[in-house]
Amino acid sequence: MAPIDHPQHGRYDYICIGGGSGGVASSRRAASYGKKVALIEVSPHLGGTCVNVGCVPKKLMWHAADLADRLRHAAEGYHFEGVPEPKFNWETFKPQRDAYIRRLNKIYENNLGKEQVEHHAGHARLTSPSSVEVTRLDGQKYTLNAERITIATGGRPKIPSEDKIPGASLGIDSDGFFDLEEQPKRVAVVGAGYIAVEFAGVFNALGSETHLFIRYDKVLRTFDPMLQDTLTPWMEHTGIKIHKHSGIQRVEGEKGKTLTIYDTNGEATEVDCLVWAIGRHANTENLGLEELGVKLDKKGDVIVDEYQNSSVDNIYAIGDVQGKALLTPVAIAAGRRLSNRLFGPDKFRDDKLSYENIPTVIFSHPTIGTVGLTEPEACEKYGKDVKIYKSSFRSLYFSQVPEHHKEPTVYKLVVVGEEERVVGVHIIGMGSDEVMQGFAVAVKMGARKQDLDDTVAIHPTSAEELVTLR
């Protein structure tokens, strides 16, 4: 159903501002209870960051990069004949990838229509705790009134200001990565978080000379130390040039041409493309929030309680805009539970999302899966009651691959107390992205180490190591 250009009701039960994963999920769930629901999205494409410039197109690029590695192994390790060195055609793959994303946008739009959620295209601004002014692209304005309003406007990537780093604007952000029409021969990625790690891995596997600038000596500093210690040297082993203890001082050149990056170590690096992956900022400006008394923290995130309530009655916030666990499934789960609580049957009157033990994966090379507490977090919380089980090995797949290409696999359990309750699982290695979901269920259910020991292993797999650790 195409967006509509005027209110269909004098008063709605619910308005969601933002057509990303969280806003769409929450609005559809509310509509499923028979409520009158409107969703407002300023972008021409529904789905938010995840669908358009995040999880989905990123995973497609990871698949391409992973396939390049497998093709190299096919000839050298598995004796396939006639397999040439893979050469990726970025220029032809991009429109195919983008066409798939447009299909997903249409599916989102159709799903809103099926649930009878009104889709309003334009910029939203709250004018009271129960009214939202919509400004369409053509300048037309109208007001929607509602009993309850949820902010689900997501976030955007940061780029340093020109005042802070001269020439910073010559680079692109993570959104701009998906606008690249051709593959840069030389690329610099700035950042040590999972987005920086994923982009650097994709560029490197597809054949770009890849530089990664990090402020300290390891990537993924908020993750378990084992993951940092395993992935950082492996990235270097694969050819990524990691510039450690390095900040960017200035950038010179012309956008689309050779850029020279001057770092704080006194080095100059020439590249064709600079990608900033240094964090994100909530989209809370120009929404009328502060004028209504909706409290924001120092970072600009909406402050909410455990039920997603903001500081103003009947105004809520879900997803990246509220600053906790910036993950698509989290936004979806929080949005659905919020609508359950507000509009669902009595059994959902206390429904809310628990932000503990949220699993996540990193599409690095190799992949990472993690859930629960890191070892330092567990030690801080439980002290001497913490015990670690760990295993380092190589996946069977790499038994036929030359030593130089044998990716590491390390599995780690963090357990506490005499009962050895599992409070953290951290794994890196081939297939870790798929392995993690099932073990996250076990952690969520309060599994003990003995429960894993009592589970018969599936052989031969990497995952069996988690139920055979000694």
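Residues numbered from 1 in each chain as written. Predicted model: local features only at pLDDT ≥ 70, side-chain atom pairs only at ≥ 80, totals over all residues. Heavy atoms only, no water.

Novice: Hey, could you go over the overall build of the protein chain for me, with residue numbers and the actual values?
Specialist: The secondary structure content of the protein chain amounts to 12 helices and 21 strands. Against the 2.2 N^0.38 benchmark of 23 Å for 470 residues, the protein chain shows a C-alpha radius of gyration of 24 Å, consistent with a compact globule. Its C-alpha atoms give the protein chain principal-axis dimensions of roughly 70 × 60 × 45 Å. In the protein chain, buried positions account for 49% of the 470 residues. In the protein chain, 64% of the contacts between residues at least 6 apart in sequence involve partners at least 24 apart. Of the accessible surface of the protein chain, which amounts to about 22,100 Å², a share of 50% is contributed by carbon and sulfur atoms. Side chains of the protein chain give 56 positive and 64 negative charges; the mean places of these two sets differ by 3 Å. (Helix = DSSP H or I, 4+ residues; strand = E, 2+ residues; numbered from the N terminus. Rg over C-alpha atoms; globule rule 2.2 N^0.38 Å. Buried < 20%, exposed > 50% of the residue type's maximum accessible area, 1.4 Å probe, protein only. Contact = heavy atoms within 4.5 Å. Areas by Shrake-Rupley, 256 points an atom, 1.4 Å probe, with all protein chains shown as cover. Lys, Arg positive; Asp, Glu negative; His and termini not counted. Charge placed at Lys NZ, Arg CZ, Asp CG, Glu CD.)

Novice: Can you lay out the packing of helix α1 (residues 21–32) against helix α9 (residues 328–343) for me, pointing to particular residues and giving the numbers?
Specialist: The contact between α1 and α9 brings their axes to 7 Å, and the two run at 25 degrees. Here α1 lies roughly parallel to α9, going by the angle between them. Handedness of the α1/α9 crossing: right-handed. On α9, the residues that touch Ser 21, Gly 22, Ala 25, Ser 26, Arg 29 and Ala 30 of α1 are Thr 328, Ala 331, Ile 332, Gly 335, Arg 336, Ser 339, Asn 340 and Phe 343. When grouped by side-chain class, the residues that make up the contact of α1 with α9 number 5 nonpolar, 7 polar and 2 charged. (Axes fitted to C-alpha atoms, helices over the stretch in contact; angles between N-to-C directions. Parallel < 35°, antiparallel > 145°, perpendicular 65-115°, else oblique. Left-handed = near helix turned anticlockwise from the far one by under 90°. Nonpolar A, V, L, I, M, F, W, Y, C, P; charged D, E, K, R; others polar.)

Novice: Summarise the nonpolar core; cite the residues concerned and give the values.
Specialist: Within the largest apolar cluster, 39 residues are counted, with the highest numbers of intra-cluster contacts made by Phe 177, Leu 212 and Met 235. Look past the residues within four positions of Leu 212 in its chain and what remains in contact with it is Val 189, Gly 191, Ala 196, Ala 200, Val 219, Met 235, Ile 240, Lys 241, Ile 242 and His 243. By size, the runner-up hydrophobic cluster in this structure holds 24 residues, among which are Tyr 12, Tyr 142, Val 294 and Val 302. (Core = buried A, V, L, I, M, F, W, Y, C linked by side-chain atoms within 4.5 Å.)

Novice: Describe the side chain of Ser 26, naming the residues involved and giving the relevant values.
Specialist: With respect to the secondary-structure elements, Ser 26 resides in helix α1. Not counting chain neighbours up to four residues away, the residues in contact with Ser 26 comprise Tyr 14, Cys 16, Ile 318, Gly 335, Arg 336 and Ser 339.

Novice: Break down the packing of helix α3 (residues 55–76) against helix α4 (residues 90–114) for me, citing the residues and quoting the values.
Specialist: Their axes nearest at 10 Å, the elements α3 and α4 cross at an angle of 145 degrees. α3 and α4 meet at a crossing whose hand is right-handed. In this structure, α3 uses Val 56, Pro 57, Leu 60 and Met 61 to contact α4, whose residues at the interface are Trp 90, Phe 93, Arg 97, Tyr 100, Ile 101 and Leu 104. Residue classes in the contact of α3 with α4 are distributed as 9 nonpolar, no polar and 1 charged.

Novice: An account of the layout of surface pockets is needed here, citing residue identities and associated values.
Specialist: It is a probe the size of a water molecule, rolled over the atoms, that shows where empty space is left. Taken as a whole, the second largest pocket encloses approximately 530 Å³ of empty space. Forming the walls of the second largest pocket are 23 residues, and the residues nearest its centre are Glu 182, Gln 183, Pro 184, Lys 185 and Asp 272. (1 Å grid on protein atoms, 1.4 Å probe; cavity = no way out; pocket = protein on both sides within 12 Å on 5 of 7 lines; lining within 4 Å. Points joined across faces, edges and corners; volume = space filled by probe spheres on them.)

Purely spatial values, then, with no claim about function.
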